[in-house]
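# Remarks on the overall topology
Each chain, letter by letter, is given below.
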Amino acid sequence: MKKSKKKAGKKTKGRKSKSGKFAGYQKRGTDKWKEKAQESSGNFDRYTQESVARFSTSEGRNRIRVLPPTWPDADDWGYTLFVHYSVGPDDQSYLCPKEMKKEECPICQEVAQLVRAGETDDAKALRAKKRFAAWVIDRKDESEGPQFWAMPFTVRQEAYAAAEDEDGDVYEFDHPDDGFDLLFKREGTRDRTRYTGVKLSRKSLPVSDDSDEQQRWLDYITEHSIPDILKFYPPDYMAGVFSGGVSDDDDDDDDDEDISEDDDKDEDEPDEDEDEDEEEDDDDDEDEDDDEDEDDDKDEDEPDEDEDEDEEEDDDDDEDPLPPKRKKKKKKTKTKKTSKGKGKSDATRRLKKASKKKRRTL
């Protein structure tokens, strides 16, 4: 036993001494690791740079810190966007070049054609939606650093309302050192998403308690100002996507691209046709009840004969099942044949009785 332990020890010691240190390791830094983690596995089109982390709201309470604007001549803490959602067979999203750059937009042209054709619901779903983009820190997970959020414009308006008190004083909640966190609730998902209770935290506080971390975050959003990270696609490409000529073989979970966008892309638009769907369901239920009643009547009118024979058929069906419709048809046909046979035998017996009476009379 001692001998084997000694050998094992020698072997381990030898392997350890051979490995040494890898002098050629290239350290890439935390920011680069996070950037690579944001890359998607498919070809889903994003209207921001691939490396940009996106903020996704949580059900219930949310607490974020809005970071200041870092682009030249900024007159707002966020950047106004116009986004076309549900474009093409893959339901992609694109910035509107007409609204944002005064350039040609094939999606807007299609919206105009739909309006002229009277397809108002389709036009409404396809037209550009107004969004408000900002860099934010998620207080529930600050390790993610700055994240891009294209919030509904209603949230932006309520944030502005919360920033002003009854005396008309304004609280600059995006100030990096003396700002305030933004609190709100999210209810529902997808088309039923609602944001309520938008308000500011009671105390001002810096973006981060760690001054070095705060500086890293501010440096990052300065190097990645929102106008610089946006992606516009050529009109021909967008037209191809809309018509189905360009399709992305993407995974279902790829992405949250605009699922996080949330859930709120039609926040202000009420859901229509719900009542119609319910009425259609009720009609279907009534039709099914009528069909069941008809089947019950048919079964009552037909005489119950050859029960043993039917049971034998059921046993055969268990061994070699047929589709429901074929089974039912076969059973009905069998019953009809049996009842028809019974009719003939009754008539024959009646004729025999009548002939006997006649003979007795004679």
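Nothing here was measured: the structure is a model prediction, and the numbers come from that model. (Residues numbered from 1 in each chain as written. Predicted model: local features only at pLDDT ≥ 70, side-chain atom pairs only at ≥ 80, totals over all residues. Heavy atoms only, no water.)

Another point: the overall build of the chain. Counting secondary structure elements, the chain contains twelve helices and seven strands. For the chain, the residues scored as buried account for 33% of the 362 residues in total. Taking contacts inside the chain between residues at least 6 apart in sequence as the whole, the part at least 24 apart equals 71%. In the structure as shown, the chain presents an accessible area of about 24,400 Å², 45% of it carried by carbon and sulfur atoms. (Helix = DSSP H or I, 4+ residues; strand = E, 2+ residues; numbered from the N terminus. Buried < 20%, exposed > 50% of the residue type's maximum accessible area, 1.4 Å probe, protein only. Contact = heavy atoms within 4.5 Å. Areas by Shrake-Rupley, 256 points an atom, 1.4 Å probe, with all protein chains shown as cover.)

Tallied over the full model, the rule gives 14 aromatic pairs. Taking the centre distance of 6.4 Å and the plane angle of 80 degrees together, the rings of Trp 135 and Phe 148 count as edge-to-face. One end of the pair, Trp 135, is in strand β4 (residues 129-138); the other, Phe 148, is in strand β5 (residues 147-152), with 13 residues separating them in the sequence. Owing to a relative accessible area of 2%, Trp 135 belongs among the buried residues under this scheme. Of the aromatic side chains, those joined through ring pairs into one cluster are Trp 77, Phe 132, Phe 153, Tyr 160 and Phe 173. A cation sits over an aromatic face here: Arg 54 above Tyr 47, 4.9 Å from the ring centre. If you follow Arg 156 out to its NZ or CZ, it ends over the ring of Phe 132, 4.9 Å from the centre. (Phe/Tyr/Trp six-rings, centres within 6.5 Å; stacked < 30°, edge-to-face > 60°. Lys NZ or Arg CZ within 6 Å of the ring centre and 35° of its normal.)

Here we take up unusual backbone geometry. Trans peptide bonds make up most of the peptide bonds, and negative phi angles are found at most residues other than glycine. For Ser 86, which is not glycine, the phi dihedral falls at a positive 55 degrees. Position of Ser 86 among the secondary structure elements: in strand β2 (residues 79-87). In this structure Ser 86 comes out as partly exposed when scored by relative accessible area, which is 30%. Its identity is not glycine, yet Lys 102 carries a phi of approximately 60 degrees, on the positive side. Checked against the element boundaries, Lys 102 lands in the loop between α3 (97-101) and α4 (106-116).

Take the pairing of β2 next. Relative to β4, β2 runs antiparallel, the two being bridged by five bridges. When the bridges of β4 are listed, Phe 82 appears paired with Lys 130. Where β2 meets strand β3 (residues 92-95), three bridges bridge the pair, whose relative direction is antiparallel. Across the sheet, the residue bridging to Val 83 is Leu 95, located in β3. Counting the residues in the hairpin turn of β2 and β3 gives four residues, including Gly 88, whose phi is positive at 75 degrees. (Pairing = 2+ DSSP bridges.)

A few words now on the confidence of the model for the chain. Overall, the predicted model of the chain reaches an average pLDDT of 75, with 58% of residues at or above 70. Ignoring residues within four places in sequence, the model shows residues 248-260, a span with pLDDT below 50, making 28 contacts including any to other chains. (pLDDT = per-residue confidence, 0-100.)

A few words now on helix α7 (residues 211-223). Taking 1.5 Å as the rise per residue, α7 with 13 residues should run 18 Å; its terminal C-alpha atoms sit 18 Å apart, in good agreement. Residues Glu 213, Gln 214, Trp 217, Leu 218, Tyr 220 and Ile 221 constitute the buried set of α7. Take α7 and look down its axis: the buried residues cluster within an arc of 155 degrees, on one side only. Among the exposed residues of α7, those oriented more than 90 degrees off its buried face are Ser 211, Asp 212 and Glu 223. Where α7 is buried, its residues meet β4. Put simply, Asp 210 is the residue that caps the front of α7, since its side-chain oxygen is 3.0 Å from the backbone nitrogen of Asp 212. (Expected span 1.5 Å × (residues − 1). Arc of directions from axis to C-beta. Polar contact = N/O pair within 3.5 Å; in protein donor to acceptor, adjacent residues only side chain to side chain.)

On to the packing of α4 against helix α9 (residues 235-243), then. For the pair α4 and α9, interaxial distance at closest approach is 8 Å and the crossing angle is 50 degrees. In terms of their interaxial angle, α4 and α9 are classed as oblique. Between α4 and α9, the contacting residues are Pro 106, Ile 107 and Glu 110 on the first element and Pro 235, Met 238, Ala 239 and Phe 242 on the second. (Axes fitted to C-alpha atoms, helices over the stretch in contact; angles between N-to-C directions. Parallel < 35°, antiparallel > 145°, perpendicular 65-115°, else oblique.)

Throughout the structure, instances matching the rule amount to zero disulfides. For the unlinked cysteine Cys 96, the closest cysteine sulfur is that of Cys 108, found at 3.5 Å. Of the residues examined, Cys 96 reaches a relative accessible area of 0% and is grouped as buried. Among the residues examined, Cys 108 registers a relative accessible area of 17% and is labelled buried. (Disulfide = S-S within 2.5 Å.)

Here the focus is the nonpolar core. Ranked by size, the top nonpolar core spans 21 residues in total, and within it Tyr 47, Leu 81, Trp 135, Phe 148 and Ile 226 carry the most contacts. Taken together, the elements giving at least two residues each to this core come down to β2, β4, β5, α7 and α8 (226-229). Here the element with the most residues in this core is α7; it accounts for four residues. Of all hydrophobic cores here, the second largest spans 20 residues; its members include Val 66, Met 151, Phe 180 and Leu 182. (Core = buried A, V, L, I, M, F, W, Y, C linked by side-chain atoms within 4.5 Å.)

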